[in-house]
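# Topology and contacts: notes
Listed here are the chains, written in short residue letters.
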Amino acid sequence: MTAVAAPPAEAVKESTVDTVDIVGCGVLSAAGRGLAPIAERFAAGVSPVPEPAAEPDFPALPVRPVTGFDPAVLLGKKGLSRMTATDRLALAAVADALEDAGDGPSEMDTGVVLGTALGSAGGVLDFLRDTFEQASPYLVNPSHYPGTLMNSPAGKSAIRQRFTGLNATVSGGALAGLNALRYARTMLVAGRAQRLFTGAVEELTPTGAWAWHEGRALADGTALAEGCAVFALEASGAGGRVLGRISAATTGFADPGAGLGGVSERLAAVVRDALAEAGLAPGDITDVVPGASGRRGWAAVEERGLRAVFGPGQRTRTDRVLGETYGAGVALNLAVVLSGWQYPWRAGGCGRTAVLTSAGFDGSVGCLVVTRPDQS
Amino acid sequence: MPEQAARRVVVTGLGAVSSLGNGAGALVAAVRAGRSGIGPIGQFDPAGFEHLLAGEVTDFVPEEHLRRLDPARWGRSGQFAAAAAHQAVRDSGAEPAALRSGRTVSVFGTTNGESQILERLAEKVSGLGPSAITGAAAGQADAGRIASAVAAELRLGGETLTVGTACAAANYALGYAFDLLRSGAADAALCGGADASNRATHAGFHRLGALAADVPRPFDADRDGIVTAEGGVALLLEPMETAVARGARIYAEVLGYGVTCDAVHMTNPDRDSIARCIQAAHRDAGVKPEEVDYICAHGTGTRANDATEVAAVRAVFGDRLPPISSLKSMLGHTMGAASGFGALLSCAAIHEGFLPPSATLRTLDPELGEGVDAVPGVARPADVRIVQNHGFAFGGNNAITLFGKVTDR
């Protein structure tokens with residue numbers, strides 16, 4: 001989609017531009033908490049070799065759990081037992097992003113937009129198992145029910161922070177994080193919120209690990225992982241510290257059943273649309289960050305699309321460091337880009353204009369263009 | 001990029017897979033007659049439950065609706081959405097090939113995604129442990145496949161987005177599609193919602209004590225809860241200029257929408273937040289309270305929801321309330337599809353001139369206060385120009401859409 005949201009005249013508040021700024025972030029990943037440990041891992045060039053999970057229910061599949069995250073310390077013990085792993089990651093990342101961004105617009109103009117493939121897989125499956133295993137199928141734990149819904153982490157984050165503005169949850173498999181960023185940008189440009197804590201979350205569960213294992217869905221050398229990245233987004237132009245600027249976000253679809261070549265072509269088209277939207281040429285891009293490189297078969301589908309636009313060249317692979325985080329992938333890749341701008345981990349610097357893409361199992365594709373604002 | 005005036009957005013196609021029939025025509029006729037879609041549970045084994053009714057789609061044969069999707073590879077929610085979207089395109093008279101430009105988006109809301117796939121996975125894990133999971137089955141579980149199913153079936157190339165804001169999700173989907181069309185970011189949208197009858201939802205509401213003894217009776221003095229239900233609904237949205245240029249029948253214009261979050265409690269509704277949502281929707285649509293002819297209520301039939309909803313409406317409208325009724329009296333609670341069915345009936349009410357009924361209402365709850373017209377029994381003829389369509393959800397997600405009659409085409 002080429003046309004970008006020219007803001008509707010009657011809805012305009014401050015939103016006279018179509019870019020949004022990242023004014024803070026909260027990240028929990030295999031590298032640790034925040035951007036600095038991510039930069040350290042990339043600077044070191046090697047990451048610890050992933051090992052199979054110690055828990056007995058997991059298959060012999062290398063995993064990268066989130067490190068440096070103690071939910072009781074970050075969130076307090078109150079209410080913790082009613083939270084799924086997804087809830088905990090998201091609530092902590094939103095809190096960190098808020099602390100990083102500092103005070104902002106009023107609570108009524110502040111909201112949360114989270115992406116997730118299907119919510120807490122662990123929460124849903126445990127709840128369903130109770131319906132099969134308890135004496136009666138309805139003898140489930142009622143306090144666990146809200147956690148089975150996809151919108152649980154966004155709703156609970158809003159309660160914790162008293163954000164009464166726009167609150168949304170979107171899905172989209174591997175595109176969930178990119179979808180959340182695109183949705184939030186559309187909302188900010190339309191003037192429906194002033195600040196949106198936007199990101200994506202994915203948890204590591206035995207069932208999920210078996211699905212990836214049995215489906216042989218991971219690329220060789222890629223570990224299954226979890227994580228959450230949340231960014232405080234505001235319409236550009238408010239001033240203040242800006243970590244990065246989202247200049248374009250495009251998504252599209254091509255049915256893989258009609259041929260994987262069509263998916264690559266569709267990806268190339270949405271990348272070109274995104275570049276046009278951002279007013280950039282392929283040669284302006286200093287960093288190309290694929291999102292599907294950890295998924296067997298799909299890495300090649302994505303690379304074909306990228307080659308059609310950029311030709312062969314360097315890609316920033318993140319799956320060897322952070323693992324395959326599926327719905328959270330593009331959001332965590334954005335954290336990797338920002339980590340390089342905050343703590344340059346590449347000799348000669350980490351550039352200033354990044355393209356982040358992904359291609360999902362269902363044939364959905366997307367592209368994000370992020371630029372580093374001029375330092376002043 | 002040149003500044004572009006906001007485009008007007010209209011609804012030109014309707015589609016439904018429901019317990020009251022397949023196709024918008026069948027559904028609207030059944031609603032006008034106040035018929036019930038509630039019956040015995042058939043989509044999962046109800047043994048051991050004390051509540052045995054649901055609003056299920058009993059006559060859905062996927063092969064009769066889907067040309068491209070293989071029903072063995074797509075979940076029931078996605079099948080519902082794709083079938084409803086097919087109908088909406090046919091109903092609109094739009095040229096299917098024209099929708100394949102890459103600028104037709106698919107935006108659908110859901111509460112539980114592909115819940116039946118997850119249910120089958122859980123049953124396997126329960127019996128055999130997590131190693132019983134197969135990659136192929138798990139690959140069908142993503143909620144995002146609902147919007148993708150529509151795009152695959154209709155060969156659309158545009159954005160696919162599945163919104164997971166529980167029982168307000170279809171209104172969220174409509175709102176997002178509206179913003180994309182209004183700004184020029186998309187040229188057409190198939191949007192709505194879908195959910196399948198499933199064990200987890202039934203057990204959850206059962207345990208919360210929120211299931212009705214028999215049928216749901218929204219606004220009734222003796223109301224005692226919801227009945228879980230399923231269905232899929234789709235609307236074709238396009239810019240008014242496109243619709244007029246091709247001589248399309250226009251059901252209604254999307255005037256605007258509002259969204260708020262309670263940020264108080266995950267399951268209890270909040271009057272002030274809903275009132276704020278109504279005001280946000282009015283502001284966005286440029287509508288004054290006295291101009292609203294009808295409210296298609298969230299109206300679940302629980303004591304808390306209906307009382308809170310009417311109190312919120314009263315907080316905005318004062319003592320002159322427009323007629324307010326609940327489709328859930330007939331369909332049950334179709335979860336993520338619910339506000340999409342509300343949108344479909346809002347369009348039909350404007351186009352055909354009637355107020356949908358609260359079909360099961362016997363004795364209006366006096367505690368709701370004076371001046372509540374919940375349209376008991378069957379539909380009532382009325383000149384309906386502006387409709388307000390409610391969708392509220394666990395998680396504190398509220399979304400309200402506004403539809404209006406087009407009189408100046």
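Quick caveat, the model's predicted, so the values are computed rather than measured.

What counts, and where the lines are drawn
- Residues numbered from 1 in each chain as written.
- Chains lettered and ligands numbered in written order.
- Predicted model: local features only at pLDDT ≥ 70, side-chain atom pairs only at ≥ 80, totals over all residues.
- Helix = DSSP H or I, 4+ residues; strand = E, 2+ residues; numbered from the N terminus.
- Rg over C-alpha atoms; globule rule 2.2 N^0.38 Å.
- Buried ≥ 20, exposed ≤ 12 C-beta atoms within 10 Å, placed from the backbone.
- Contact = placed C-beta atoms within 7 Å.
- Pairing = 2+ DSSP bridges.
- Expected span 1.5 Å × (residues − 1).
- Domains from an automatic or database assignment.
- Nonpolar A, V, L, I, M, F, W, Y, C, P; charged D, E, K, R; others polar.
- pLDDT = per-residue confidence, 0-100.
- Core = buried A, V, L, I, M, F, W, Y, C linked by C-beta atoms within 7 Å.
- Axes fitted to C-alpha atoms, helices over the stretch in contact; angles between N-to-C directions.
- Left-handed = near helix turned anticlockwise from the far one by under 90°.

## Topic: the overall build of chain B
Each helix and strand in chain B was counted, giving 13 helices and 15 strands. Taken over C-alpha atoms, the radius of gyration comes to 20 Å for chain B, in line with the 22 Å a tight globule of 409 residues would show. On the principal axes, the C-alpha backbone points of chain B span a range of 60 × 55 × 40 Å. A burial count over chain B gives 67% of its 409 residues as buried. For chain B, restricting intrachain contacts to residue pairs at least 6 apart in sequence, the fraction spanning at least 24 positions comes to 80%.

## Brief notes about the sheet that holds strand β8 (residues 224-225) of chain A
Residues and elements named next belong to chain A. Strand order in the open sheet formed by 3 strands is β3-β4-β8, and the pairing between neighbours is mixed. Across the chains shown, the open sheet's two edge strands, defined by having one partner strand only, are β3 (51-52) and β8. One ladder, built from 2 bridges, connects strand β4 (residues 62-64) with β8; its direction is parallel. Looking across to β8, one finds that V63 is bridged to L224.

## Some points on the interface of chain B and chain A
The interface is formed by 75 residues belonging to chain B together with 76 residues belonging to chain A. The dominant element in the side of chain B that touches chain A, judged by the number of residues it contributes, is helix α4 (residues 115-128) of chain B, at 7 residues.

## Topic: helix α11 (residues 303-317) of chain B
Its 15 residues place the ends of α11 of chain B 21 Å apart at the C-alpha level, agreeing with the 21 Å of an ideal helix rising 1.5 Å per residue. In this fold, the buried residues of α11 of chain B make contact with α10 (271-285), β10 (294-296), β11 (324-325) and β14 (386-392) of chain B.

## A closer look at α4 of chain B
For α4 of chain B, with 14 residues, the first-to-last C-alpha span of 20 Å sits near the 20 Å given by 1.5 Å per residue. Lining the buried residues of α4 of chain B we find α4 (121-133) and α7 (206-214) of chain A together with α3 (76-92), α5 (135-138) and α8 (199-207) of chain B. Count one or two residues on from α4 of chain B and you reach G129 of chain B, which has phi positive near 90 degrees.

## Focus: the domain arrangement of chain B
Note: interface size is frequently given as the accessible area lost on complex formation between the parts. Residues and elements named next belong to chain B. Domain boundaries in chain B define domain 1 (9-245) and domain 2 (255-404). Using C-alpha coordinates to define each centre, domain 1 is positioned 20 Å away from domain 2. With 59 residues of domain 1 at the interface, the matching set in domain 2 holds 59 residues. At the level of secondary structure, the elements contributing two or more residues to the side of domain 1 that touches domain 2 comprise β1 (9-18), α1 (24-32), α7 (169-183), β7 (188-195) and β8 (231-239). The element contributing the most residues to the side of domain 1 that touches domain 2 is α7, with 7 residues. Residue composition of the side of domain 1 that touches domain 2, grouped by class: 31 nonpolar, 20 polar and 8 charged.

## A short note on the confidence of the model for chain A
Averaged over all residues, the pLDDT of chain A is 93; the fraction at 70 or higher stands at 95%. Within the model, the stretch residues 1-16 of chain A combines pLDDT values under 50 with 51 contacts to residues more than four positions away or in other chains.

## Structural notes on the domain arrangement of chain A
Residues and elements named next belong to chain A. When its domains are assigned, chain A resolves into domain 1 (18-235) and domain 2 (244-371). Here the C-alpha centre of domain 2 lies 21 Å away from the C-alpha centre of domain 1. Counting residues at the interface gives 51 residues for domain 1 and 43 residues for domain 2.

## Here's the deal with the nonpolar core
One finds C25 and A229 of chain A together with A177 and L237 of chain B to be the most contacted residues of the largest nonpolar core, which totals 278 residues. If sequence neighbours within four positions are ignored, C25 of chain A has contacts with L35, A97, D100, A229, V230, F231, A232, L243, A335 and L338 of chain A.

## As for the packing of α4 of chain A against α4 of chain B
At a closest axis distance of 9 Å, the pairing of α4 of chain A and α4 of chain B adopts a crossing angle of 65 degrees. Note that α4 of chain A runs across α4 of chain B; the crossing there is right-handed. Facing α4 of chain A, whose interface residues are V124, L125, L128, R129, F132 and E133 of chain A, α4 of chain B presents L118, E119, L121, A122, E123, V125 and S126 of chain B. Among the residues forming the contact of α4 of chain A with α4 of chain B, the class breakdown is 8 nonpolar, 1 polar and 4 charged.

## Focus: the environment of E50 of chain B
Residues and elements named next belong to chain B. Locating E50 in the fold gives a position in the loop between β3 (39-40) and β4 (53-54). Using a count of 11 C-beta atoms within 10 Å as the deciding quantity, one classes E50 as exposed. Separated by 43 residues in sequence, E50 and G93 have C-alpha atoms that sit 46 Å apart.

## A few points about the pairing of β7 of chain B
Residues and elements named next belong to chain B. For β7, a buried count of 8 out of 8 residues is recorded, marking the element as mostly surrounded by other parts of the structure. Here β7 shows a buried face lined by A188, L190, G192 and A194 and a second buried face lined by A189, C191, G193 and D195. Where β7 and β8 come together, 7 bridges link them in antiparallel fashion. Bridging from a neighbouring strand, L190 pairs with L236 of β8.

## Digging into unusual backbone geometry
Positive phi outside glycine occurs at R216 of chain A, with the angle close to 45 degrees. Although it is not a glycine, F219 of chain B sits at a positive phi angle of roughly 70 degrees. As for its position among the elements, F219 of chain B is in the loop between α8 and β8. On the basis of neighbour counts, which here come to 28 C-beta atoms within 10 Å, the residue F219 of chain B falls in the buried class.

## Here's the deal with the pairing of β1 of chain B
Working note: regular strand, side chains alternate between the two faces of the sheet. Residues and elements named next belong to chain B. Within β1, 10 of the 10 residues are buried, leaving the element largely enclosed by the surrounding structure. Bridge count between β1 and β8: 8 bridges; the pairing is antiparallel. Among the inter-strand pairings, V9 is bridged to a residue of β8, identified as P239. Across 2 bridges, the pairing between β1 and strand β2 (residues 21-22) is antiparallel. Within β2, the position partnered with S18 by the bridge is G21.

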